[in-house]
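Examining the three-dimensional arrangement
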Amino acid sequence: MSTPAPTAPRVRFCPAPSGWLHVGSVRAALYNWLHARHHGGTFVFRIEDTDATRATEDSMRSMIDALKWIGLDWDEGPQLEADGSITTRGDYGPYRQSERRALYGAVARRLEAAGHTYRDHRTSEELDQWRAEQRTGSGEGPPVVKASTFEHPAEEFERLAAEGRPASLRLRTPEDGEVVVTDLVRGVVRFDWSAISDPVIERSDASATYPLANSVDDLAQGIDLICRGEDLLSVTPRQVLLHELLLADGLLDDALSEVGLPARDPSFGPVQAFAHLPMVVGMDRKKLSKRHGSVAIQEFRRQGFLPETLRNYLALLGWAPADGRERLTDEEMIAEFDLRAVGRSPAAFDVDKLTAFNGERIRELDPGDLARRLVPFLDGTELEEHLLHPPVSSEQLATITGLVPLIQERMQRLDEVWTYAPPFLSAQVELDQASVDKVFVKAGAVEALEAAHETLHHCPWNVAAIEEALRALPEELGIGFGKVAQPIRVAVTGSSVSPPLFESLELLGRARSLERIEAAIPVARAARGDG
RNA sequence: GCCCCCGUCGUCCAGCGGCCUAGGAUCCCACCCUUUCAAGGUGGUGACGCCGGUUCGAAUCCGGUCGGGGGUACCA
């Protein structure tokens, strides 16, 4: 990566490490990446594992691996090395929130000392009950937490504290007035403070919550454009407030130096802009979830979708270049991407369209490249079921390479190699019963197999010669070519659906072809009923 | 309930007051090609949620209405 220009944007992608990278998150990551690359900026990858109990090392590794697979390279953040170890790149780390707890604490203490917060001794049960009352109407109004009504009176506070009851820390938000959020995709959005609750910024166990940790890190790491899903739009006002507080009087800078974390670069300013992306929804218009099928990027990988297809398709979920083209290379997307051109309405994830895109991209692949990409789907790397064992022999690779021209234009996903490859990679064919019942019972099937066995015995073994030999058969037998080709197809590939016949025979080799045709003759007789 | 967002073919996008009898992609259908399946080619079905207003003229601007979504956590 070249050195970023002074005005180059710093953007970030900061998922919670669940282990599964949701396609909606990937879309957000992609837009950040495109924006960074378009402007020659910096793309930061941060892991938001404030809830450290749920964030295992494995889930983190899985996230990093998935992001790497999808092809979005990041400039700062954790890196997964070839040997499996996790290292870090970037000057403003750590990039895992679990390693920045001291910072959040230092910030919280300063916020508290400055009077921007108050303690809440209520238990979650009490809060739930209060909210339920507010909602059902027996309370005073909507369930909005404000210091004016929520802060414990001095006496009560002392009593609860004396009881040793733990307390969370809430941020005071203005009682009224308006906050204006300027958003690159939504324009100006106005909120009334009176409808916004005072958020808990520190749990009663003193750990930081998302609003605090996220705001602190965005500023500490010089993020100047926050681009994320629309589900976080309503949470923006309190973040804007926190940003102001953090920057005022060098509060954040002091905290940073207190805990010995890297100081903010002099060029780091406030967050300049927000961009809230429309949701990615299912075909039923509901937030995309497991109910809709695959949602984890890792699953798409296993199904044989190409990372470049996903990048292209996901980019189109809410955005299109000025001329409306759909098939785009990374270079084209980077050159033309513009957050201001992002649409505002939710986009439904359409697997059919993704699949069509994927088929097209597979067809564009260099055959050798496709062969290499197919190997992990056959040797147990991507799929549990496998035909080959890890050190794939050069002979096996040659077969796969020979197979590619026969199957490339009929695949939409890499895992479909399973519908074509087995007959070519195994010694035996398994005859598909439905195909046998459909094809072998037809008049002339046995004769066609016998004649084919005879003629293929002598002809030179190349596509042209094989075709010439077999093309002579229909006239000889007095039937159509289809009646000749289908039985042979079933005999050698096991199925009535296969790659082109002559090419298949050539790839299979004379010995295996003759062997399979010969073995099929009795089966055909039996199917016909004169076994 | 309250707050916020959104509303063009089934789906993704184009459309920024006249070029729109609304265009492309995907899906679906038909035909062509064809040794199966594909691929490819050609053609077709299919949408401006609704009501008012502004205007000579509205998918495009405004208001309302209806519908959908998100949030309303000591999750992120």
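Residues numbered from 1 in each chain as written. Chains lettered and ligands numbered in written order. Predicted model: local features only at pLDDT ≥ 70, side-chain atom pairs only at ≥ 80, totals over all residues.

**Regarding the packing of helix H19 (residues 445-458) against helix H24 (residues 510-528)**
At a minimum axis separation of 9 Å, H19 and H24 run at an interaxial angle of 160°. Considering the angle they form, H19 stands roughly antiparallel to H24. For the element pair H19 and H24, the recorded crossing hand is left-handed. Along its contact with H19, which presents Ala445, Val446, Leu449, Glu450, Ala452, His453, Leu456 and His457, the element H24 presents Arg510, Ser513, Leu514, Ile517, Glu518, Ala520, Ile521, Ala524, Arg525 and Arg528. (Axes fitted to C-alpha atoms, helices over the stretch in contact; angles between N-to-C directions. Helix = DSSP H or I, 4+ residues; strand = E, 2+ residues; numbered from the N terminus. Parallel < 35°, antiparallel > 145°, perpendicular 65-115°, else oblique. Left-handed = near helix turned anticlockwise from the far one by under 90°. Contact = placed C-beta atoms within 7 Å.)

**Concerning unusual backbone geometry**
Geometrically, the link from glycine 93 to proline 94 is a cis peptide bond, its omega value of -5° lying close to zero. Mapped onto the secondary structure, proline 94 falls in the loop between strand E4 (86-89) and helix H3 (101-113). Although it is not a glycine, aspartate 249 adopts a positive phi angle of roughly 55°. With respect to the helices and strands, the residue aspartate 249 is situated in the loop between helix H8 (236-247) and helix H9 (251-259). Located in the positive-phi region is arginine 285, a residue other than glycine, with phi close to 70°. You can see arginine 285 is positioned in the loop between strand E12 (280-281) and helix H10 (297-302).

**Quick notes on the pairing of strand E1 (residues 10-13)**
Residues Arg10 and Arg12 line one face of E1 and the alternating positions Val11 and Phe13 line the opposite face, and both faces are buried. Inspection of the sheet shows E1 paired to strand E2 (residues 42-45) by 4 bridges, in the parallel sense. Paired with phenylalanine 13 across the strands is phenylalanine 45, a residue of E2. With helix H1 (residues 23-38) bridging E1 and its parallel neighbour E2, the resulting β-α-β unit is right-handed. (Buried ≥ 20, exposed ≤ 12 C-beta atoms within 10 Å, placed from the backbone. Pairing = 2+ DSSP bridges. Right-handed = clockwise from strand over helix to strand, strands pointing away.)

**As for the protein's contact with RNA strand B**
The local shell around RNA strand B holds 65 residues, among which Glu48, Ala320, Ser345, Ala348 and Arg410 are the closest. For the surface near RNA strand B, the elements supplying multiple residues, two or more each, are helix H4 (124-136), strand E8 (187-192), strand E13 (347-348), helix H13 (351-364), helix H22 (481-493) and helix H23 (501-508). When grouped by side-chain class, the residues that make up the surface near RNA strand B number 28 nonpolar, 16 polar and 21 charged. (Near = placed C-beta within 6 Å. Nonpolar A, V, L, I, M, F, W, Y, C, P; charged D, E, K, R; others polar.)

**Details of the sheet that holds strand E5 (residues 117-120)**
The antiparallel open sheet is built from 3 strands, whose spatial order is E5-E6-E9. Looking at which strands have only one partner, the edges of the open sheet turn out to be E5 and strand E9 (200-202). With direction set aside, neighbouring strand axes in the sheet form an average angle of 45°. With 2 bridges joining them, strand E6 (residues 168-171) and E9 adopt antiparallel strand pairing. Across the sheet, the residue bridging to arginine 170 is valine 200, located in E9.

**Remarks on the nonpolar core**
Ranked by size, the top nonpolar core spans 102 residues in total, and within it Leu30, Leu67, Cys227, Leu449, Ala452 and Ile488 carry the most contacts. Counting residues per element, this core draws most heavily on H1, which supplies 9 residues. Once residues lying within four places of it in the same chain are set aside, the contact partners of leucine 449 are Pro487, Ile488, Ala491, Ile517, Ala520, Ile521 and Ala524. In this structure, Ala106, Leu219, Leu241 and Leu246 belong to the second largest nonpolar core, which totals 24 residues. (Core = buried A, V, L, I, M, F, W, Y, C linked by C-beta atoms within 7 Å.)

**With respect to the confidence of the model for chain A**
A residue-level look at chain A finds 97% of positions with pLDDT of 70 or above and a mean pLDDT of 92. Per-element confidence in chain A is highest for E2, whose mean pLDDT is 98, and lowest for H4, whose mean pLDDT is 86. (pLDDT = per-residue confidence, 0-100.)

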